[in-house]
Amino acid sequence: MIDLSADLLPAAEADVIGLAVIGADRRMVRKIGRLVEWLPAVGADCCECMLLVGMEAELVALAEGRRDMIALAGVRGAAPGIAQPVTAVVLWNDAQSHYFIIAMPDFAARQVETLLGSERRARRLMEQQLEAASAEVRFASLARTRLRLARDLHDTLVHSIVALLTQIRLIRHYLSTDPARVADGLATAEDAAASGLQRAREAIARLRMPDDLKLDTDIEELLTDFAKRSGVKVSTEIDDRARAGLRDCGLTIQRILGEALRNVQAHAEARHVAFRAFEMPAAVGRRLVVEVRDDGRGFDPAVPKPGHFGLIGMAEFAELVGGTCAVESAPGQGTVVRISLPVAVPPAASSGVLAD
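Computed from a prediction, not measured in an experiment: that's the story for all the values here. (Residues numbered from 1 in each chain as written. Predicted model: local features only at pLDDT ≥ 70, side-chain atom pairs only at ≥ 80, totals over all residues. Heavy atoms only, no water.)

### A short note on the overall build of the protein chain
Along its length, the protein chain carries 8 helices and 10 strands. Burial status across the protein chain gives 36% buried among its 356 residues. Pairs at least 24 residues apart make up 57% of the contacts formed inside the protein chain by residues separated by at least 6 positions. Total accessible area on the protein chain stands at roughly 21,000 Å², and carbon and sulfur atoms take up 57% of it. (Helix = DSSP H or I, 4+ residues; strand = E, 2+ residues; numbered from the N terminus. Buried < 20%, exposed > 50% of the residue type's maximum accessible area, 1.4 Å probe, protein only. Contact = heavy atoms within 4.5 Å. Areas by Shrake-Rupley, 256 points an atom, 1.4 Å probe, with all protein chains shown as cover.)

### Overview of the sheet that holds strand S6 (residues 233-238)
Spatial ordering of the open sheet is given by S6-S7-S8-S10-S9, a layout of 5 strands whose pairing is mixed. Each edge of the open sheet carries a strand with a single partner, namely S6 and strand S9 (324-329). Ignoring strand direction, the axes of neighbouring strands in this sheet form an average angle of 15°. Looking at chain direction, strand S7 (residues 272-281) and strand S8 (residues 286-294) are connected through 9 bridges and run antiparallel. Counted as the bridge partner of Phe275 is Val292 from S8. Helix H5 (residues 219-230) contacts S6 and S7 of the sheet and is inclined by roughly 165° relative to S6. (Pairing = 2+ DSSP bridges. Axes fitted to C-alpha atoms, helices over the stretch in contact; angles between N-to-C directions.)

### Describing the pattern of salt bridges
Tallying each qualifying case throughout the model produces 12 salt bridges. Of the charged contacts in the structure, one is a salt bridge between Glu269 and Arg297, with a shortest N-O distance of 3.7 Å. Taken together, the residues span a long stretch of sequence, with Glu269 in the loop between helix H7 (250-268) and S7 and Arg297 in the loop between S8 and helix H8 (310-320) at a distance of 28 residues. Salt bridges linked by common partners bring Glu237, Arg276, Glu291, Arg293, Glu328 and Arg338 together as one network. (Salt bridge = Lys/Arg side-chain N within 4 Å of Asp/Glu carboxyl O.)

### A look at the sheet that holds strand S2 (residues 28-32)
Pairing is antiparallel across the open sheet formed by 5 strands, whose spatial order is S2-S1-S5-S4-S3. Because the sheet does not close on itself, it has two edges, and the strands there are S2 and strand S3 (70-75). Between one strand axis and the next, the sheet turns through 15° on average, direction left out of account. Across 6 bridges, strand S1 (residues 18-23) lies against strand S5 (residues 98-105) in antiparallel orientation. Looking at S5, one finds that Ile22 is bridged to Tyr99.

### Some remarks on the pairing of S5
For S5, the buried fraction is high: 7 of the 8 residues fall into the buried class. Of the pairings in the sheet, the one linking strand S4 (residues 86-93) to S5 comprises 8 bridges and is antiparallel in character. When the sheet's bridge partners are listed, Asn93 is paired in S5 with His98.

### Considering helix H2 (residues 56-63)
Since the α-helix turns once every 3.6 residues, residues separated by three or four places project in the same direction. Along H2, the residues classified as buried are Leu59, Ala61 and Leu62. Along the long axis of H2, the arc covered by the buried residues comes to 160°, so they all point the same way. With its phi angle positive at about 85°, Gly65 sits one or two positions after the end of H2. (Arc of directions from axis to C-beta.)

In structure tokens form, the structure reads like this:
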């Protein structure tokens, strides 16, 4: 049976383990090392210790040979400088009729504490990452709102001011060359101002609506109004299978088409505009393709145009719904605006593509 041997005493004295001897009457006889400071003082009943209270029956069973040992894991002692938990093993020395306790650091409990500490750190890191992601979402929402404001300002105030500036320059020219036409110029300027005011009010109304609110849009009516207002001939070709997509993506198509038609009226000097809408298969689902082609003077898309954001806004509108908007043009060869948007259509209605 284990005794206070020459091998254990040096370890206890070096605070590597703790040793204690308890008499058969459960009175503390001797303690060696800080790791057994959680036991009662020498001479006291060991069962007065909080961790051994009520264990009289277990100690009797150990002394009678009905138990091999008593193991106490995760003991929190009151020893100075010993913060880690301790595992204690109680044995019975039959030759000397006393109980013998060996106390040692509880490496398993310390490992659990280390794991718990790692879990807490991981949780804090996750919380920090969630906070960062939330901040990114807020920033993206703010950026989206700012882009929306910029587009609506461009679509309303900028176009209206450009139209007014053009009329003011014409009126100034008429004052010196043809005063009789000044009244007509003023009337046109007044119409431009009224139109700009109406469009500004519409933009404000859009800003007060949720981003996902769909407006009732009629693309063909928009094209008809443009033809009446500008005098440009407009031809329309809409595949029956594309009409559902035009309704679903009506707001996006309306905004891009409106910008394209304003560019035609203001810059292209075109005589004819062709509008074409059809569906085509894609890698996933189907896509609605809309083409707006004019026979105007065209331009070089590679030449930068500082202060002009119409083409940028058209591309941004398409990107917001996962689509694209490309502009093809060359001097003297007209312009083509090609919009491609993802659409969800019933499988029965998604077979076939309008051919050129």
